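The primary structure of each chain is shown beneath.
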Amino acid sequence: MSLNRQPQRKGPELLGEVLSRVFAARGWGRRQDRLRLEEAWAESIGPEGAKQTRVAALRRGVLEIEVSSAVLLQELTHYHKRKLLEQIRSRLLGVTVTDLRFRTGMVEKERD
């Protein structure tokens, strides 16, 4: 008798457990999280702001946003950061967002 043997389950596996493993293996959970972040940001910043910004990452509670220009970076940082952070937090219940960090970068704009 081996001590390292795991107990055998009897009967079929629960569908939720199978789906959880499939989602994790394919990275779908991370994609869904990313989509939630992007949607919450777009709703918070509005349509015009969404065209000039994009979500870069969420690291240790800091939501990093790329913006199309230094002027917009300054405006968001100095005048809109607190309000945007409050809006993001209200839209992302269960996700810890402690700060917003803006940086200039390449932001692809929608083609008309």
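Look up a bit, the structure's there.
Here's what I pulled together on the structure shown here. Treat the numbers as computed from the prediction; the structure is a model and nothing was measured. (Residues numbered from 1 in each chain as written. Predicted model: local features only at pLDDT ≥ 70, side-chain atom pairs only at ≥ 80, totals over all residues. Heavy atoms only, no water.)

Topic: the pattern of salt bridges
Here comes step 1: Enumeration over the complete set of coordinates arrives at eight salt bridges.
Here comes step 2: Measuring nitrogen to oxygen at the nearest pair gives 3.0 Å for the salt bridge that ties R91 to E43. Of this pair, R91 sits in helix α3 (residues 70-91) while E43 is found in helix α2 (residues 28-51), placing the two residues 48 residues apart along the sequence.
Here comes step 3: In this structure, the salt-bridge partner of K51 is E48, at a minimum N-O distance of 3.6 Å. Taken as a pair, K51 and E48 lie in helix α2 at a separation of three residues, close to a single helical turn.
Here comes step 4: Residue K51 is classed as partly exposed on the basis of its relative accessible area, which comes to 35%. (Salt bridge = Lys/Arg side-chain N within 4 Å of Asp/Glu carboxyl O. Helix = DSSP H or I, 4+ residues; strand = E, 2+ residues; numbered from the N terminus. Buried < 20%, exposed > 50% of the residue type's maximum accessible area, 1.4 Å probe, protein only.)

Observations regarding the pairing of strand β1 (residues 53-59)
Here comes step 1: Inspection of the sheet shows β1 paired to strand β2 (residues 62-67) by six bridges, in the antiparallel sense. In the strand pairing of β2, R59 is matched with V62.
Here comes step 2: Adjacent in sequence and paired antiparallel, β1 and β2 are bridged by two residues, among which R60 carries a positive phi angle near 50°. (Pairing = 2+ DSSP bridges.)

Quick look at the nonpolar core
Here comes step 1: By size, the foremost hydrophobic cluster in this structure holds 18 residues, and its most contacted members are W41, L63 and F102.
Here comes step 2: For this core, the elements supplying multiple residues, two or more each, are α2, β2, α3 and β3 (99-104).
Here comes step 3: Filtering out sequence-adjacent residues up to four positions away, L63 remains in contact with L37, V55, A57, L58, I88, V97, D99, L100 and R101. (Core = buried A, V, L, I, M, F, W, Y, C linked by side-chain atoms within 4.5 Å. Contact = heavy atoms within 4.5 Å.)

Points about the sheet that holds β3
Here comes step 1: Spatial ordering of the open sheet is given by β1-β2-β3, a layout of three strands whose pairing is mixed. Both outer strands of the open sheet, β1 and β3, are each paired with one neighbouring strand and no more. Recorded for the sheet is a direction-independent mean angle of 25° between the axes of neighbouring strands.
Here comes step 2: Here α3 sits on the sheet and contacts β1, β2 and β3; the angle it forms with β3, its principal contact strand, is near 160°. (Axes fitted to C-alpha atoms, helices over the stretch in contact; angles between N-to-C directions.)

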